[in-house]
Amino acid sequence: MTPNLQQFWHTQSSVQTLRDLRSDSSQGLTQEEALSRLELYGPNEIEEKSGRSNWEVLIDQFSNVMLLMLMAVAIISGLMDLLHLLQGNAIAGDMPFKDTIAILAIVILNGLLGYVQEVKAEKALAALKELSSPQVRVLRDGKAQMIPSEKLVMGDVMLVDAGTQICADGQLLEGFNLRIKESALTGEAKPARKQVYDQGLPLETSLGDRSNMVFAGTEVMQGRGKVIVTATGMATELGKIAKMLQGVETEPTPLQRRMGQLANALVTGSLMLVALVIGFGVMQSGWGKLQQLVEVSLSMAVAVVPEGLPAVITVTLAIGTQRMVKRNALIRKLPAVETLGSVNVICSDKTGTLTQNKMVVQEIVTIDGLVTVTGSGYKPEGEFLNEGNQPVDVQFDELWELLFINAVRCNDAILTQDDQGKWTILGDSTEGALLTMAGKAGCTQSKLAQEYVRLAEIPFSSDRKCMVTLERRLRDDQILLLIKGSPECILHRCHRMYARPNILDIVALDELEKQAILEQNDDLASRGLRVLGFAYRVVDHFDPQVSIKNLETDLVWLGLVGMIDAARPEAAEAVAICKRAGIRTIMITGDHQLTARAIAVKLGMGLITADVLTGQKIEHLTNAELETAVEKINLYARVSPEHKLRIVQALQKDKKFVAMTGDGVNDAPALKQADIGIAMGITGTDVSKEASDMVLLDDNFATIVAATEEGRVVYQNIRKFIKYILGSNIGEVIAIGAAPLLGLPDVPLIPLQILWMNLVTDGLPALALAMEPADPDVMNQPPFKPTESVFARGLGYYMIRVGLAFAFITIALMVWAYHHNPNTWKTMVFTSLCLAQMGHAIAVRSDRQLTIEINFWSNPYLLAAVSFTTLLQLALVYVPALNKFFWHSSLRWTRPDGMFR
């Protein structure tokens, strides 16, 4: 029989899987059969999809319409200079082709700038490949041997134990207290317990609940087992994620789309103006002035293209990147800086982002009622408060002492403090939470280690759902049996409990009391808490030859302990800021829906009872149905990688601009699909980081909000210097085009002078405008629409209005200067335009305030840029070498007759 690559192996027994794959649990495959299957199915590797070559990336940089127009201008300018040389009209001592050289230098510089930004190769698939490439122990011909993971085939029998990295998907044949860390694949923080099922699991069982299966890219944390390989390479769950990554198309960012629109508008407008100038010029003066009209057209074409804009935008984004790093957000792709300003939906993982990724005991239920435990993280500091919010004395009380002793001694984790004072857990996070709880009452491991000796234990198992230890108390040689685990299972073994009518006493535990305890357990669980029950008994005699299971009777009930991976203290405020800023927060997690709902409610995400969608339900929704559902659902639980990707795609279909956070391999496709992919810097896998646009250095949801604020500031500042640059350029173009129509004998500005204005005079103040501080209400406004044009919200009207004002003043000055001093009129026009732009840079600082209302010193960079640029412009006029290179005439303050020139 040929194995079915699409078979749902979790639905059948391991015996049937062995039969289907023609393998043997004790012998494995033969070497010959393994080689045959390796040839048939290929190596156990993640296949990489080839991308664009570096040459293709470089060539693509010069397909920009503005750069193409500049290249055409450079060629025509070069031909014009050549014509002047052939005709003998070249100016003596002047450098030929300098306009052509300058324009081509700008084109090449912009092309290389874009190339460097895009040449970063995609590394997500390489990281996936590394995740599944160690050596693996298998049975071949009945013998255990180590083989490279790429030689694994379907039907191989793998032997796994603590520390083993799983290299292929498989079904469990044998398992002994086997726990596997699957957080990279499923998002679950707690290691998954694995066991063999005689009948298999239901077909709709989610990936995180397939406890009879193991998956490539995960790691064995505890126990050992024997696994039959059911999928290798691209057929594994890891491989499916790789396929999704390959299938995700990268969309242009809003800034890239806006710059494309801007380029098309500028080039179209420029060509129309050129056509008008040449047409009217020929109609007015005939074909005799065609050469002059062509020179005018070249100057207009150079004037309309903001050559410095790409560099200014890149530097502005880089400045924004540096500011974000200071706020713990590392930007991997520059356009993401501005893109953050358009985000209107944040899809956040729960564990470690909205929560602390640390289990914390929050509530305890004993005969004293409900007690709340304060404190956060693993630091053993906090209080025990009753329902009246008053402190509970737990220090010298027998009931509480026994509960804390149970929590510490019936426990295999270790609570440690490093040299920097940071508390961490070695072992299971649930047991770590219990150690922290007891530590808050002064009951520490080091203290109890001197008072108790462990005689025997039964580790936690999914069958028994409890852990038991037998402890000898040294001070009185008394033996205690301590047990913790599922409240239902432990309560079944209890027949006694503590009571406190006047003094603490042990009384019989009847069925009514048991029912009341179970109702308390259900209440805690319904609020998303993970609940453990605690009990004990005094043992009269212990025989090491007899199993301690025989002693698990007539137990004394102590109480319930409820814990949760608590929400980050700052996350609720961050969610509230998102609401004010018009940003919707959605939680997408692999965790249980009750746990996820409890966190969502605490964070104020505005959930109602129906607003939870599980992966199992998503599985049965069509894309159209899901697109309808995402309009109102804010919480998704028990989701798989495919579900996360579908959710993001559905939101994008609904015209939402989505940021997606994640840390696991399972998040990578959705991170890449999202408009902004945000990976975790501390807990995140290499795969998620390489698929992302931004990395949170502190794994904190609040950092996303801070980065969004910076993104909005960056986009606002980009709009400011676009207004500044293009408003001035429009005035230049109109003034240049008017010269021949007014009968002037020469073009007022040559391409080299225009390049100077666009790169230096415009560029330095534009960079300084990028340093403008944020408006106070920047996060009280709705996000920028990602589809809006660069000319939206009055920017286009502003540029035309300012451009016309510049043009009118310049034309008036040009006509006046030409008739009063023909030798210096072009220098006067050039200098006046440059200096006028300095005033424009100061005036464009705010959309909402007049210039006189803005703090003059709030942007010292702009003051420095304006001052320095003014000095540079004066140097061009009065330094002889620069004067000659730029074809200027020096200006004097007065003529002999007192008139300025």
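A closer look at the sheet that holds strand S27 (residues 694-696)
Read from one edge of the open sheet, 8 strands run S8-S27-S26-S25-S9-S22-S24-S23, paired in mixed fashion. The two strands at the open ends of the sheet, each matched to only one other strand, are strand S8 (329-331) and strand S23 (613-614).

Description of the pattern of salt bridges
For the structure shown, the criterion picks out 32 salt bridges. A salt bridge links arginine 137 to aspartate 161, with the shortest nitrogen-to-oxygen separation between them at 3.8 Å. Here the residue arginine 137 occupies a position in strand S1 (residues 135-140), and aspartate 161 occupies one in strand S3 (residues 157-161), the gap between them amounting to 24 residues. Given a relative accessible area of 33%, arginine 137 falls into the partly exposed group. Note that arginine 327 and glutamate 710 form a salt bridge whose closest N and O atoms lie 3.1 Å from each other. Of the two residues, arginine 327 sits in the loop between helix H11 (309-326) and S8 while glutamate 710 sits in helix H26 (residues 701-741), which places them 383 residues apart along the sequence. Taken together, the shared-partner salt bridges connect Arg409, Asp412, Arg454, Glu457 and Glu471 into one network.

As for the environment of isoleucine 583
Structurally, isoleucine 583 is set in the loop between helix H19 (571-580) and strand S22 (584-588). Note on isoleucine 583: relative accessible area 4%, which makes it buried. Each C-alpha atom, one on isoleucine 583 and one on glutamine 781, is 9.9 Å from the other, the two residues being 198 residues apart in sequence. If near-sequence neighbours (up to four positions away) are discounted, isoleucine 583 is found in contact with Val343, Asn344, Val345, Ile346, Cys578, Thr708, Arg712 and Pro783.

Here we look at the nonpolar core
Judged by nonpolar contacts, the single largest core of 121 residues is most densely connected at Leu470, Trp557, Phe701, Phe721 and Ile722. It is H26 that contributes the most residues to this core, 16 residues altogether. Every residue in contact with phenylalanine 721, bar those within four places of it in the chain, is listed here: Leu309, Val312, Ile313, Thr316, Ala766, Leu769 and Ala770. Core analysis: the next-biggest nonpolar cluster, separate from the first, contains 46 residues, Met213, Leu645, Ile647 and Leu651 among them.

Comments concerning the confidence of the model for the protein
Taken as a whole, the protein shows an average pLDDT of 82; of its residues, 85% reach a score of 70 or greater. Note that residues 120-126 has pLDDT below 50 and, in this model, 17 contacts with residues that lie over four places away or in other chains.

Regarding the pairing of strand S10 (residues 355-366)
Most of S10 is tucked away, with 10 of its 12 residues classed as buried. Where S10 meets strand S21 (residues 555-567), 7 bridges bridge the pair, whose relative direction is antiparallel. Paired with valine 361 across the strands is methionine 563, a residue of S21. Here S10 runs beside strand S11 (residues 369-373); their pairing, made up of 4 bridges, is antiparallel.

Quick word on the packing of aromatic side chains
Across all of its chains, the model carries 6 aromatic pairs by this definition. With a centroid separation of 6.5 Å and 15 degrees between ring planes, the pair formed by tyrosine 498 and tyrosine 536 is classed as stacked. Of this pair, tyrosine 498 sits in strand S18 (residues 494-499) while tyrosine 536 sits in strand S20 (residues 530-539); the two residues are 38 residues apart in sequence, bridging distant segments of the chain. Like tyrosine 536, tyrosine 498 is buried. Ring geometry for tyrosine 818 versus tryptophan 825: centroids 5.5 Å apart, planes at 80 degrees, classification edge-to-face. Taken together, the ring pairs connect Phe384, Trp400 and Phe404 into an aromatic cluster.

Considerations on the pairing of S18
Bridge count for S18 against S21 is 3 bridges, and the pairing is parallel. Its bridge partner being in S21, arginine 496 is matched across the sheet by valine 556. Of the strand pairs in this sheet, S18 and strand S19 (residues 505-508) are connected by 4 bridges, and their pairing is antiparallel. Following the sheet pairing, arginine 496 is matched in S19 by alanine 508.

Comments concerning empty space enclosed by the protein
Summed over the entire model, instances satisfying the criterion amount to 4 cavities of 30 Å³ or more. In this model, the largest cavity occupies a volume close to 70 Å³. If you trace the largest cavity, you find 10 residues lining it, with Thr186, Leu207, Gly208, Arg638 and Val639 closest to the centre. Residue composition of the lining of the largest cavity, by class: 4 nonpolar, 5 polar and 1 charged.

What counts, and where the lines are drawn
- Residues numbered from 1 in each chain as written.
- Predicted model: local features only at pLDDT ≥ 70, side-chain atom pairs only at ≥ 80, totals over all residues.
- Heavy atoms only, no water.
- Pairing = 2+ DSSP bridges.
- Helix = DSSP H or I, 4+ residues; strand = E, 2+ residues; numbered from the N terminus.
- Salt bridge = Lys/Arg side-chain N within 4 Å of Asp/Glu carboxyl O.
- Buried < 20%, exposed > 50% of the residue type's maximum accessible area, 1.4 Å probe, protein only.
- Contact = heavy atoms within 4.5 Å.
- Core = buried A, V, L, I, M, F, W, Y, C linked by side-chain atoms within 4.5 Å.
- pLDDT = per-residue confidence, 0-100.
- Phe/Tyr/Trp six-rings, centres within 6.5 Å; stacked < 30°, edge-to-face > 60°.
- 1 Å grid on protein atoms, 1.4 Å probe; cavity = no way out; pocket = protein on both sides within 12 Å on 5 of 7 lines; lining within 4 Å.
- Points joined across faces, edges and corners; volume = space filled by probe spheres on them.
- Nonpolar A, V, L, I, M, F, W, Y, C, P; charged D, E, K, R; others polar.

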